[in-house]
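# Observations on the model geometry
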Amino acid sequence: MSHTQSSAPQDKTARDIWRDGSVIFAGGLAILMLMWRQGIVITDTYAVANALVAVSNGQLTIETIAYGPHARVPGMHIVDDQLYGRNYGQAFFSLPALWALNGLARVTDASTVIALIWTGSLTVALLSLVGTDLRRQATIITLTFCLFLAQLTVTRPPSSATTPVLALQLTSLVAGALVPVFMYGLCRGIYDRDIGIVAAGVTLLASPVAFWSTVPKRHSFTALFVVASLYGLYYSRVAASDNVLLYRALAYVPVGLLVWVHAPEGLILCIALVSADFLTARSTGPRELAVVATSLFISLSPSFLTNTLISGNPLTPPRALPDYRQFYLAQQAGDSTAAVGSSAGNVIVAAITRVAQFITQVMAGLAHAVEPTRLLRIFIFRSQPTYVTPGGSGLLVSDVHVNLAVLPAMPLFGVLVAWPIHVFKARDSLSLSTHNLTAARAADVFCVVYLSLMLLIYLPRLPVHTSYTVRYLHPLYPIGIYAVVRLPSIRTVIRSYPWWLLGGYIGVVGIGSLGTLSALAYGIESLTVALVLSRVALGIGVMVAVWTVLATEHTRARAIMLSAAAASTTVYIAFYSHVVANHLPSALPIIR
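Worth saying up front: this structure is predicted, and the values here are computed from it rather than measured.

The rules behind the values
Think of each chain on its own: its residues are numbered from 1, step by step along the sequence as written. For this predicted model, a pLDDT threshold of at least 70 governs which residues receive local features, and a threshold of 80 or more governs which side-chain atom pairs are given and counted, while totals over whole chains, interfaces and linings are taken from all residues. As a rule here, side-chain values come from all non-hydrogen atoms in the structure, and water together with hydrogens is ignored. Here a strand is any run of E in DSSP of at least two residues, a helix any run of H or I of at least four, and the numbering for each starts at the N terminus. The rule is simple: take the accessible area with a 1.4 Å probe, protein chains only, and divide by the maximum for that residue type; under 20% is buried, over 50% is exposed, in between is partly exposed. We call two residues in contact when some of their heavy atoms are within 4.5 Å. Calculation of accessible area relied on Shrake-Rupley with a 1.4 Å probe; when residues are assessed, cover is drawn exclusively from the protein chains displayed. By definition, no residue in a patch forms a salt bridge, and every one has over 30% relative accessible area; like charges are joined within 9 Å, nonpolar side chains (Val, Leu, Ile, Met, Phe, Trp, Tyr) within 5 Å. What makes a salt bridge here is a side-chain nitrogen of Lys or Arg within 4 Å of a carboxyl oxygen of Asp or Glu, nothing more. The convention used is that axes are lines fitted to C-alpha atoms, helices contributing only their stretch in contact, and that angles between N-to-C directions extend from 0 to 180 degrees. Note that the term roughly parallel is reserved for angles under 35 degrees, roughly antiparallel for angles over 145, roughly perpendicular for angles of 65 to 115, and oblique for everything else. Should the near helix be turned anticlockwise from the far one by less than a right angle, the crossing is left-handed, and should it be turned clockwise, the crossing is right-handed. Nonpolar residues are Ala, Val, Leu, Ile, Met, Phe, Trp, Tyr, Cys and Pro. Charged residues are Asp, Glu, Lys and Arg, and all others, Gly as well, are polar. Only Phe, Tyr and Trp rings are paired, with Trp represented by its six-membered ring, and only when their centres lie within 6.5 Å; those with planes under 30 degrees apart are stacked, over 60 edge-to-face, the remainder tilted. Charge over a ring is defined by NZ of Lys or CZ of Arg lying within 6 Å of the ring centre and within 35 degrees of the ring normal. Whenever a nitrogen or oxygen atom comes within 3.5 Å of another N or O atom, the pair is scored as a polar contact, on the condition that within protein one atom can donate a hydrogen and the other can accept it, and that pairs from neighbouring residues in sequence are kept only if both atoms are in side chains. The predictor's confidence in any single residue is recorded as pLDDT, a number from 0 to 100. The nonpolar core is taken to be a set of buried Ala, Val, Leu, Ile, Met, Phe, Trp, Tyr and Cys residues, with the residues joined through side-chain atoms within 4.5 Å. A pair of strands is considered paired only if DSSP assigns at least 2 bridges between the two. Here the expected length of a helix is defined as 1.5 Å per residue gap, with one fewer gap than residues. The arc in question is formed by the directions pointing from the helix axis toward the C-beta atoms.

Let us now look at the overall build of the protein. Along the protein, the regular secondary structure elements total 23 helices and four strands. Classification of the 592 residues of the protein by burial places 54% in the buried group. Partitioning the intrachain contacts of the protein with sequence separation of at least 6 by distance along the chain shows that 79% fall at a separation of at least 24. Entry remark: accessible area of the protein is about 25600 Å², with carbon and sulfur atoms responsible for 66%.

Here it is, written out as structure tokens:
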């Protein structure tokens, strides 16, 4: 009887999370699709798109260059005189979307399918707002159906050659829409529904998660898998006793999937999860170890199989093979000894090599962690234009873009300067004892380990050429949002002034949008406007940081400052998607 009584509230909370999560997903997908531009933004995606074409034809070798001007693009590797892409996980994830688009092409075009997906998502989200009122539900269904019919009058069927790219983008959009769902479930579990909704809203509307959701790169998947593991770790500590092992096993599934997409980041996730799990677990007996090991092995199986088929070694991913561009340049220079990656090697040797490379990269990161100039350019100020050459097929978004540092990409992170102060004040209550460590503290350990390793691995490579929003550190943004809502002062503002936060956000978005449109109307170049917006965002981020350190009271003014920080990201991403990226056609007919 006691078990039934204790598990009933948890079951009800789980149902509420699933219900709210489905609404967040539908609404998020509808919002993200408004920014969907057909095409390839970064040349690295050419290799992934060509790999998807190869996989759809039942092979791993890339024999036809369907995308890009040639095979010498980033992400193309060679072994035994055969070309392979560096990322097959994303290609396989996109196969169902490609099959669906190709199948529906027999009865309709991809543009109509996209319009239908958007209208359906919008309908589900709006219906949740009106409850069970049948008259309002009928009104919404009628309006959205008319909206769908109106889109049919302006649809322009895309070329069938772009279908694989559309499949990659659609899959990335789904991954991006799932990130705020997991953020909601995590923050609701730790606190309450209001905090969960704010965390999901900020993730969806006021972070670079929205920007990268429409770009067919790996970044949406890395963010998704990280927050999914974090979600599983937390609920493995608070779930009913008969579900603990289930959540613990599910927490390890994203590890193998991320390894399939990007092996080094999968290794980072694995180390962070294992560290947090076994440091904070109340039980690590043979049964728990067997469940964790089985779950991890099963999730790693697709990567091991793909690696074996390509390189002959389950621990040698395609990205560890010789780079085709370097091989081609060596051949052109007359180097007849240029390696072509004769594959198979000893598994133990490969494991030792990968571990040694990882340790070397971490040590290099420690050396670069004390370079003030590098840290400033990564985290504080790097709002500068970068010029690139458009690729073949007109698929590259533009010949110019603006690279941001972390703070101007998300000014709300200015509040994170409060964390050292909070830790110092709460130092007496902090403990790594498993008897005192709450589920939320276990999640904290995961975040600290993961972010530390990510920064150390990528510091030597940052800042990079086509960074946009420091994309190599993309999982930093949802985890940073988790860190923001973990601050007691921020939760106090959310609970005390929710309407001021919402009103301030809407007001600043309106003012910022009106200002950017006015600047464009006066003939100011879009690049100049983008640079100004990035400077404004940086200024707001600095003000938020200063206010966080100096303010002693939680006032309406502070709520408006926080909402302005969130709104500045929204304005910049919306502006970039619809103005700077207007070289590519919108996938959604209503935006054309």
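Moving on to a nonpolar patch on the surface. Judged by side-chain polarity, Val417, Ile421, Val542, Val546, Val549 and Leu550 come together as a nonpolar surface patch covering roughly 480 Å² of accessible area. When residues of the nonpolar patch are assigned to their parent elements, the largest contribution, four residues, is made by helix H22 (residues 526–550). By relative accessible area, which is 46% here, Val549 ends up partly exposed.

The geometry of helix H9 (residues 219–238) relative to helix H10 (residues 244–261) is characterised by a closest axis approach of 7 Å and an angle of 165° between their N-to-C directions. Comparing their axes, H10 and H9 come out roughly antiparallel. Helix-helix and strand crossings are classified by hand; for H9 and H10 the assignment is left-handed. Along the contact surface, H9 presents Thr222, Phe225, Ala228, Ser229, Tyr231, Gly232, Leu233, Tyr235 and Ser236, while H10 presents Val244, Tyr247, Arg248, Ala251, Pro254, Val255, Leu257, Leu258 and Val261. Residue composition of the contact of H9 with H10, by class: 13 nonpolar, four polar and one charged.

With that settled, the discussion passes to the packing of aromatic side chains. Counting across every chain of the model gives 18 aromatic pairs. One aromatic cluster is present, built from ring pairs that chain together Phe92, Phe93, Phe221, Phe225 and Trp260. The ring of Phe278 carries Arg248 above its face, with NZ or CZ at 5.3 Å from the centroid.

A separate point is the side chain of Ser586. Of note, Ser586 is situated in the segment after helix H23 (556–580). For Ser586, a relative accessible area of 3% puts it in the buried group. At a separation of 3.2 Å, a polar atom in the side chain of Ser586 contacts the main-chain amide nitrogen of Leu588.

What follows deals with the confidence of the model for the protein. A residue-level look at the protein finds 87% of positions with pLDDT of 70 or above and a mean pLDDT of 85. Here residues 1–8 is modelled with pLDDT under 50, and outside its nearest four sequence neighbours on either side it reaches three contacts, counting other chains as well. Counting contacts from residues 432–436, a segment whose pLDDT is below 50, to residues more than four positions away or on other chains yields eight contacts.

The next subject is the nonpolar core. Counting residues in each nonpolar core, the largest one holds 172 residues, and the members touching the most others are Tyr88, Phe413, Phe446 and Tyr450. What Tyr88 contacts, discounting residues up to four positions off in sequence, is Ala51, Val55, Leu60, Ile62, Trp260, Thr306, Ile310 and Pro318.

Now for the pairing of strand S2 (residues 82–85). Across four bridges, strand S1 (residues 76–79) lies against S2 in antiparallel orientation. Within S2, the residue paired with Met76 across the bridge is Gly85. Here S1 folds back onto S2 in antiparallel fashion, the turn holding two residues, of which Asp80 has a positive phi close to 50°.

With that settled, consider the environment of Leu588. In this fold, Leu588 is placed in the segment after H23. When the C-alpha atoms of Leu588 and Arg156 are compared, they prove to be 9.8 Å apart, with 432 residues separating the residues in sequence. The contact partners of Leu588, leaving out residues within four places of it in the chain, are Met33, Leu34, Trp36, Ile114, Ala115, Trp118 and Gln151.

Comment: phi is negative for the bulk of residues other than glycine, and the bulk of peptide bonds are trans. Cis geometry marks the peptide bond from Leu462 to Pro463, where omega comes out at -10°. By the secondary structure assignment, Pro463 is in the loop between helix H18 (439–458) and helix H19 (476–485). Even without a glycine there, the phi angle at Tyr468 is positive, about 60°. As for its position among the elements, Tyr468 is in the loop between H18 and H19. Unusually for a residue other than glycine, Val470 sits at a positive phi of about 50°. In this fold, Val470 is placed in the loop between H18 and H19. You can call Val470 buried: its relative accessible area is 4%.

In this model helix H11 (residues 263–280) runs 26 Å from its N-terminal to its C-terminal C-alpha over 18 residues, within 8% of the 26 Å that 1.5 Å per residue would give. The elements touched by buried residues of H11 are H9, H10, helix H12 (286–311), helix H14 (347–368) and H18.

This part covers H14. For H14, built from 22 residues, the straight-helix expectation of 32 Å at 1.5 Å per residue is met to within 8% by its first-to-last C-alpha distance of 32 Å. All buried positions along H14 are accounted for by Ala350, Phe358, Val362, Gly365 and His368. Down the axis of H14, the sector holding all buried residues measures 125°, keeping them to one side. Exposed positions of H14 whose direction lies more than 90 degrees from the buried face are Ile348, Val349, Ile352, Thr360 and Met363. As for H14, its buried residues are in contact with H11, helix H15 (372–379) and H18.

Moving on, we come to the pattern of salt bridges. Under the counting rule described, the total for this entry stands at ten salt bridges. A salt bridge links Arg218 to Glu265, with the shortest nitrogen-to-oxygen separation between them at 3.2 Å. Here the residue Arg218 occupies a position in the loop between helix H8 (209–213) and H9, and Glu265 occupies one in helix H11, the gap between them amounting to 47 residues. A residue is classified by how much of its surface remains accessible, and Glu265, at 1% relative accessible area, is buried. Among the salt bridges present, the one from Asp444 reaches Arg486, with a minimum N-O distance of 2.5 Å. With Asp444 in helix H18 and Arg486 in the loop between H19 and helix H20 (488–496), this residue pair connects regions lying 42 residues apart in the sequence. Judged by its relative accessible area of 16%, Asp444 falls in the buried class. A relative accessible area of 12% places Arg486 in the buried class. Sharing partners across several salt bridges, the network here consists of Asp20, Arg188 and Arg193.

Attention shifts here to the environment of Thr492. Residue placement: Thr492 occurs in helix H20. A relative accessible area of 32% places Thr492 in the partly exposed class. Once the C-alpha coordinates of Thr492 and Thr555 are considered, the two residues, 63 residues apart in sequence, prove to be 10.0 Å apart. A distance of 2.9 Å separates the side chain of Thr492 from the backbone oxygen of Pro488, its partner in a polar contact.

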